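Understanding the architecture of this molecule
Each chain, written out:
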Amino acid sequence: MTPGNPAAAAAAPRPPAELALPDPWQGRDPAACAGVDEVGRGCLFGPVFAAAVVLPAAALAPLGELGLTDSKKLTARRRAAMVPAIEQWAAAWALGQASAAEIDRHGIRLATERAMHRALQKLPRSPALVIVDGVLPLRGWRGEQTTLVRGDSHCLAIAAASVLAKQARDSLITALAQRYPGYGLERHAGYGTAQHLAALAQWGPTPLHRLSFLGRLTLSAPGTSPESR
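These numbers come from a predicted model, not from an experiment.

1. Here we look at the environment of Leu136
In this structure, Leu136 sits in the loop between strand 4 (129-133) and strand 5 (144-148). With 27 residues separating them in the primary sequence, Leu136 and Arg109 have C-alpha atoms 9.4 Å apart. Discounting chain neighbours no more than four positions away, the residues touching Leu136 are Arg41, Arg109 and Thr147.

2. Here's the deal with the side chain of Asp152
Mapping Asp152 onto the fold places it in helix 5 (residues 151-154). Look past the residues within four positions of Asp152 in its chain and what remains in contact with it is Asp37, Thr69, Asp70, Lys72, Asp133, Ile158, Ala159 and Ser162.

3. Details of the confidence of the model for the protein chain
For the protein chain, per-residue confidence averages 89 on the pLDDT scale, and residues scoring 70 or more make up 85% of the total. Within the model, pLDDT remains below 50 along residues 4-20, and this stretch shows 31 contacts once partners closer than five positions in the same chain are excluded.

4. A word on unusual backbone geometry
Despite not being glycine, Gln26 shows a phi value in the positive range, around 55°. Within the secondary structure layout, Gln26 lies in the segment before strand 1 (33-39). By relative accessible area, which is 40% here, Gln26 ends up partly exposed. Phi is positive for Arg150, close to 55°, though the residue is something other than glycine. Turning to its location among the elements, Arg150 is positioned in the loop between strand 5 and helix 5.

Each value, and the rule that gives it
- Residue numbers here run from 1 along each chain, matching the order of that chain's written sequence.
- Per-residue local features are limited, in this predicted model, to residues with pLDDT of at least 70; the limit for side-chain atom pairs, both in listing and counting, is 80 or more; totals at the level of whole chains, interfaces and linings are taken over all residues.
- Working from all heavy atoms in the structure, the side-chain values ignore hydrogens and water.
- Each helix corresponds to a stretch of at least 4 residues labelled H or I by DSSP, and each strand to a stretch of at least 2 residues labelled E; elements are numbered beginning at the N terminus.
- For this analysis, residues touch if any pair of their heavy atoms sits within 4.5 Å.
- Each residue gets a pLDDT score, which is the predictor's confidence in that residue and runs from 0 to 100.
- When a residue's accessible area, from a 1.4 Å probe over protein chains only, is under 20% of the maximum for its type it is buried; when over 50% it is exposed; and in between it is partly exposed.

In structure tokens form, the structure reads like this:
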């Protein structure tokens, strides 16, 4: 998706915070680079999401001043308020996901990589550099890439990707909570909280649970969950 940037943004400088660490852009124009991040990797339920975001240099100062950072450091209200600003300032952004079935079939790392590839492939043009959050490179990516530890705190494009992916996944899980009541999905977004584990023990997994993640949990037989009553 490629929302237009405000015309007044043309000459905005990079914020000092973005340059406090080694340049995440590696000397390139930020508008030629994409930050990539995932959310939901450790959940027991639902897909893993990824986002790819391209930010022009003019976007860095305004988004930095708004407090854009790792989505985990933002309250739900601040995260939701950040989304339209990111969409306004981004040169391009896109989302990708991989289902619980793909996670069970291929493992979480490959499924996460598929989600990242899908997001990157939706961008209008292939970035000159992909900046991946963490330490693991994106296997199968034919272009140039780099990894950045704690990238969602040190690179605004990755932070923007974390916010968009988190917001999109949470919205989906909240909607799915209506289909699968009783698991508390609207509160924990599919992570393994005590409430979630207790519901799994009582009702068993839904078709969207990651069976490969449930390990040795003692579960009821599938089909006895609240939505089937």
